[in-house]
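Next come the chains, spelled out residue by residue.
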Amino acid sequence: MTAEIIDGKGFAAKVTDRVADHVSRLKTDHGVTPGLAVVLVGEDPASQVYVSSKGKRTKESGMASFEHRLDAAASEMDLLNLIERLNGDPAVHGILVQLPLPGHLDDAKVINAIAPEKDVDGFHVSNVGLLGTGQKSMVPCTPLGCLMMLRERHGSLSGLDAVVIGRSNIVGKPMAQLLLGDSCTVTVAHSRTKDLPEVVRRADIVVAAVGRPEIVPGGWIKEGATVIDVGINRVDAGGGKTRLVGDVEFDGARRRAGAITPVPGGVGPMTIACLLANTVTACCRINGLPEPEGLAV
Ligand code: NDP
């Protein structure tokens, strides 16, 4: 068996097109332009790249992009004041604070200061609670993208056996909630799980979000299973070069799975597409306008 490669890049392009269409309709029909504010504290090089790319993609889809860069030494009060201003700004429908924050700032306090309806990352405790109780919420971008790909492949996920490897607040836990919401039987595995191979072997759906290169050998994958590899790991490729690999051993898994996401080109592109989707969704909800089809849970 050779698995179908799930084209995250192609799917993300379709999602982005749908976002751009809806943005254009919001402008012409309602005179509303969705706006995303991204806040970066400090000069972490990787974060700077992410923030610039988010701003660029936001503008390309027709939305307004607001970038706020604070000095690494910014105080908690500076940051909370900025968030309060953005919460009250009618041109801003989504607020994203780029993580990680410098060590002197409390991530949870800062995230929970964002107005929940503008929390496009879905990390605010209110959104976590709403998702956990099956109510309409802002959903974290990476798990939302994974769910969209799974629904596209399977249609209904009802009754499928799913394992999520990883229990972080940004990927593993919300992913498990979403799969439960779609009536999967969900197992959440983590570093203390006793028999990970056995847990993976019985799963129709494997979502790996660990951050360890190829920790899941292909031989563990059940024949025909769908594998969503969230992990992004840089490994030595020899000759002083590096390459990206996922948490799943791709070549081996490809021989057993029914479908698998590649790294890169799988979950990564869907994450940013879902950020754009969440911004449009937030804008519609804030303005009491109909939401675009298929871009939210
Ligand atoms: P975290 O480090 O927050 O969480 C990792 C999880 O993996 C933890 O729950 C940990 O368990 C679990 N784990 C660690 N070792 C093992 C093991 N040996 N067996 C089973 N489980 C284990 O990572 P994130 O959730 O933030 O990210 C996971 C990966 O996804 C990373 O590679 C990250 O770069 C990538 N990522 C990719 C995104 C994308 O857009 N494609 C977006 C976000 C993340 P425990 O809780 O017990 O410590």
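Residues numbered from 1 in each chain as written. Predicted model: local features only at pLDDT ≥ 70, side-chain atom pairs only at ≥ 80, totals over all residues. Heavy atoms only, no water.

1. Observations concerning the side chain of His93
Okay, so step 1: Along the polypeptide, His93 turns up in the loop between α3 (76–87) and β4 (94–97).
Okay, so step 2: The exposure class of His93 is buried, given its relative accessible area of 3%.
Okay, so step 3: Contacts of His93, omitting those with residues within four sequence positions, involve Val32, Thr33, Pro34, Gly35, Glu117, Lys118, Thr279, Ala282, Cys283, Ile286 and Asn287. (Helix = DSSP H or I, 4+ residues; strand = E, 2+ residues; numbered from the N terminus. Buried < 20%, exposed > 50% of the residue type's maximum accessible area, 1.4 Å probe, protein only. Contact = heavy atoms within 4.5 Å.)

2. Things to note about empty space enclosed by the protein
Where empty space is left in the structure can be found by rolling a water-sized probe over the atoms.
Okay, so step 1: Taken as a whole, this structure holds 1 cavity of 30 Å³ or more when the rule is applied.
Okay, so step 2: Approximately 30 Å³ is the volume found for the largest cavity.
Okay, so step 3: In this structure, the largest cavity is lined by Ser137, Met138, Val139, Leu144, Asn278, Thr281, Arg285, Ala296 and Val297.
Okay, so step 4: Per-element tally for the lining of the largest cavity: the top contributor is helix α10 (residues 267–287), with 3 residues. (1 Å grid on protein atoms, 1.4 Å probe; cavity = no way out; pocket = protein on both sides within 12 Å on 5 of 7 lines; lining within 4 Å. Points joined across faces, edges and corners; volume = space filled by probe spheres on them.)

3. Looking at the site of the ligand
Okay, so step 1: The local shell around the ligand holds 20 residues, among which Arg167, Ser168, Ser191, Gly211 and Thr271 are the closest.
Okay, so step 2: Here Arg167 contributes a side-chain N or O atom positioned 2.7 Å from an oxygen atom of the ligand.
Okay, so step 3: Computed on the free molecule, the ligand has an accessible area of 930 Å², of which 70% lies beneath the protein chains in the complex.
Okay, so step 4: Looking at the shell around the ligand, its residues break down into 9 nonpolar, 9 polar and 2 charged. (Near = heavy atom within 4 Å. Polar contact = N/O pair within 3.5 Å; in protein donor to acceptor, adjacent residues only side chain to side chain. Areas by Shrake-Rupley, 256 points an atom, 1.4 Å probe, with all protein chains shown as cover. Nonpolar A, V, L, I, M, F, W, Y, C, P; charged D, E, K, R; others polar.)

4. Thoughts on the side chain of Lys118
Okay, so step 1: Mapped onto the elements, Lys118 comes out in the loop between α4 (107–111) and α5 (125–132).
Okay, so step 2: Of the side chains bearing the opposite charge, Asp89 lies closest to the buried Lys118, which forms no salt bridge; the N-O distance is 6.2 Å.
Okay, so step 3: Setting aside its immediate chain neighbours within four residues, Lys118 contacts Leu86, Asn87, Gly88, Asp89, Val92, His93, Gly94, Ile95 and Ile286. (Lys, Arg positive; Asp, Glu negative; His and termini not counted. Salt bridge = Lys/Arg side-chain N within 4 Å of Asp/Glu carboxyl O.)

5. Digging into the sheet that holds β4
Okay, so step 1: The strand order β3-β2-β4 describes an open sheet built from 3 strands, whose pairing is parallel. Strand pairing shows two members of the sheet lacking a second neighbour, β3 (64–70) and β4, which therefore form its edges. Recorded for the sheet is a direction-independent mean angle of 15° between the axes of neighbouring strands.
Okay, so step 2: In this structure, strand β2 (residues 35–41) lies alongside β4, joined through 4 bridges in parallel fashion. (Pairing = 2+ DSSP bridges. Axes fitted to C-alpha atoms, helices over the stretch in contact; angles between N-to-C directions.)

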